[in-house]
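# Architecture and fold: a report
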Amino acid sequence: MILKGCFFSKIDNFEGGLYMSSSSAPEFEDNLEALYRDMEAENVDALWRREGELLTREPAKTGLPYHWEWEKIESLLLRAGQLVQLGSGGERRVLRLVNPSLEAPASTTHTISSTLQLLLPGESAPLHRHSAAAIRFIISGRGAFTEVEGERIEMEPGDLILTPNWTWHSHHNPTNEQIIWMDIIDTPMVLRLKAMFFESGRNQQVQEKPVGYTVRRSNKAGMIRPELLRNAAPVQGGALPLIYRWAEVEPIFQEQGAERSPYDGDLLRYANPLTGDHHTLPTMGCAIQRLHCGEQTLTHRHLSSTVYYVMRGQGMSTVEGKEIRWRQGDVITIPTWAWHSHNADQEAILFSISDQPAMEKLGWYREEAAE
């Protein structure tokens, strides 16, 4: 192919990544526009026109921080309990916390969806499973239980329960009081990767396991494990349907030494005893932190988006210069790579979940302290 009208023997100027001769500028522009039109017709794009959009010095901002006040969302959840019956309104009575600054699919951060679920006395949410992994953090109510792969796990306030991806699970409340918990699920990540599968368990028979089955077989400390566990049917991603009891977690705060994180105070991570990983699930990691009364943390940022639930206390978080005042029950989000710090008006305990494990496994995770 012979290019006509473009002469490169003498270079007079350089524009937009392209060399052209000033003597043939009009004809050059006409040929270039024709090239772009023909490329567009064939669904071909020129990288030199998009490098600034694709190769950014820092990650593009993904959504804004957002704050849900407990009094308001609890009121909506209780009203839903009066109006929506399980079965007629869906398998779960769940309210999603939707960050309005994000594009579809509706979610809390770009990778994590946070929801609140209400189970009334005598109700059961039927068996199903899905590609997305989930956690349950119990807010109020006692005596209800979830079943994960046939193992009954009772719920108490402050408990964290894992539901690894593609595990059969259902929820039951045989008590005379309602129970509320926070569900956090990696649905947005799974949907963006086009990896979602869902299966109803209406006709599924799951072998029952004794209470405490997983904890005993994994030896919770994760250092010594029965040989039979190695040959047992694996759970997707090496995660377990574990429960982390608040009654066992809370005393650890009292055992903390003088060393504290300048960014997070007393910070505990829920580790995976099967793999030894310091994260609970392959895609999501859970943590809980204590801030002393009057404590002001230093400012930092990290390449992971985070959802915080205020388990106790009140205070303020500053995210990218925006002040968010929170108190018990509130939920806030911090977008990925956003500068943030915390200030506690009184002793506060914050539960959090982030997509840090996924970022680490991909080799992308990093942190940075403010100067």
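You'll find the structure just up there.
This report concerns the structure included in the present document. All of these numbers come straight from a predicted model, not from anything done at the bench.

Let us look at the overall build of the chain. Of regular secondary structure, the chain possesses 8 helices and 24 strands. Residues classed as buried in the chain amount to 46% of the 371 residues present. The contacts of the chain with a sequence gap of at least 6 include a subset with a gap of at least 24, amounting to 73%. Summed over all atoms, the accessible surface of the chain reaches about 19,700 Å², with 52% contributed by carbon and sulfur.

Before going further, it helps to examine the layout of surface pockets. As a volume, the largest pocket reaches approximately 820 Å³. If you go around the largest pocket, you meet 34 residues; those closest to its centre are His110, Thr111, Met359, Leu362 and Trp364. Of all the elements, helix α4 (residues 187–192) adds the most residues to the lining of the largest pocket, at 4 residues. Split by residue class, the lining of the largest pocket holds 16 nonpolar, 9 polar and 9 charged.

Time to look at the side chain of aspartate 355. As for its placement among the helices and strands, aspartate 355 is situated in the loop between β23 (348–354) and α8 (356–361). Buried within the structure, aspartate 355 lacks any salt-bridge partner; its nearest side chain of opposite charge belongs to arginine 192, at an N-O separation of 9.2 Å. Within the local environment of aspartate 355, its side chain forms a polar contact with the side chain of threonine 111, the two groups lying 2.6 Å apart. Here serine 305 takes part through its backbone nitrogen, which lies 3.0 Å from a polar atom of the side chain of aspartate 355. Among residues more than four places away in sequence, those in contact with aspartate 355 are His110, Thr111, Ile112, Met189, Thr283, Ser304 and Ser305.

Let us look at the nonpolar core. Membership of the largest hydrophobic core comes to 36 residues, with the highest contact counts inside it found for Ile135, Leu160, Tyr270, Ile288 and Phe351. Once residues within four sequence positions are removed from consideration, tyrosine 270 is found in contact with Phe137, Leu160, Tyr244, Val249, His278, His279, Thr280, Cys286, Ala287, Ile288 and Phe351. With 12 residues, the next largest nonpolar core counts Tyr308, Val310, Ile324 and Ala348 among its residues.

Bringing the pattern of salt bridges into the picture now. Here the structure, examined in full by the defined rule, presents 20 salt bridges. Between arginine 260 and glutamate 295 there is a salt bridge; the shortest N-O distance is 2.9 Å. Remark: glutamate 295 occurs in the loop between β16 (285–291) and β17 (300–302) and arginine 260 occurs in the loop between α7 (246–255) and β15 (266–269); sequence separation between them is 35 residues. Note on glutamate 295: relative accessible area 13%, which makes it buried. Beyond isolated ion pairs, a larger network of salt bridges with shared partners links Arg57, Glu58, Arg301 and Glu368.

Given a rise of 1.5 Å per residue, 17 residues ought to cover 24 Å, and the 24 Å separating the end C-alpha atoms of helix α1 (residues 25–41) matches this to within 8%. Among all positions in α1, only Ala25, Phe28, Leu32, Tyr36 and Met39 are buried. What you see down the axis of α1 is that its buried residues fit within an arc of 75°, all on one side. Facing away from the buried side of α1 by more than 90 degrees, the exposed set consists of Pro26, Asp30, Arg37, Asp38 and Ala41. Immediately beyond the C-terminal end of α1, within one or two residues, lies asparagine 43, with a positive phi of roughly 55°.

For helix α3 (residues 70–83), spanning 14 residues, the distance from its first C-alpha to its last is 20 Å, which sits close to the expected 20 Å at 1.5 Å a residue. Regarding α3, the residues found buried are Trp70, Ile73, Leu77, Ala80 and Gly81. Buried residues of α3, viewed axially, fall in a sector of 105°; they line one side. Residues of α3 that are exposed and point over 90 degrees away from its buried face: Glu71, Lys72, Arg79, Gln82 and Leu83. In this structure, the buried residues of α3 make contact with β3 (66–68), β4 (94–97), β5 (113–119), β7 (134–140) and β12 (179–185).

Turning next to the pairing of β7. Each regular strand shows side chains that alternate between the opposite faces of the sheet. Within β7, 6 of the 7 residues are buried, leaving the element largely enclosed by the surrounding structure. Across 6 bridges, the pairing between β7 and β12 is antiparallel. Bridge pairing in β12 places serine 140 opposite isoleucine 180.

On to the sheet that holds strand β10 (residues 160–163), then. Strand order in this open sheet of 6 strands is β4-β5-β12-β7-β10-β14, and the pairing throughout is antiparallel. Two strands in the sheet have a free side with no partner beyond their single neighbour: β4 and β14 (243–244).

As a further point, take unusual backbone geometry. Phi at asparagine 43 is positive, roughly 55°, even though this residue is not glycine. Within the fold, asparagine 43 resides in the loop between α1 and α2 (51–54). The exposed category is assigned to asparagine 43, whose relative accessible area is 73%. In this structure, glutamate 320 is a non-glycine residue whose phi angle is positive, near 50°. Residue placement: glutamate 320 occurs in the loop between β19 (314–319) and β20 (322–327). By relative accessible area, which is 40% here, glutamate 320 ends up partly exposed.

Thresholds applied
- Residues numbered from 1 in each chain as written.
- Predicted model: local features only at pLDDT ≥ 70, side-chain atom pairs only at ≥ 80, totals over all residues.
- Heavy atoms only, no water.
- Helix = DSSP H or I, 4+ residues; strand = E, 2+ residues; numbered from the N terminus.
- Buried < 20%, exposed > 50% of the residue type's maximum accessible area, 1.4 Å probe, protein only.
- Contact = heavy atoms within 4.5 Å.
- Areas by Shrake-Rupley, 256 points an atom, 1.4 Å probe, with all protein chains shown as cover.
- 1 Å grid on protein atoms, 1.4 Å probe; cavity = no way out; pocket = protein on both sides within 12 Å on 5 of 7 lines; lining within 4 Å.
- Points joined across faces, edges and corners; volume = space filled by probe spheres on them.
- Nonpolar A, V, L, I, M, F, W, Y, C, P; charged D, E, K, R; others polar.
- Lys, Arg positive; Asp, Glu negative; His and termini not counted.
- Salt bridge = Lys/Arg side-chain N within 4 Å of Asp/Glu carboxyl O.
- Polar contact = N/O pair within 3.5 Å; in protein donor to acceptor, adjacent residues only side chain to side chain.
- Core = buried A, V, L, I, M, F, W, Y, C linked by side-chain atoms within 4.5 Å.
- Expected span 1.5 Å × (residues − 1).
- Arc of directions from axis to C-beta.
- Pairing = 2+ DSSP bridges.

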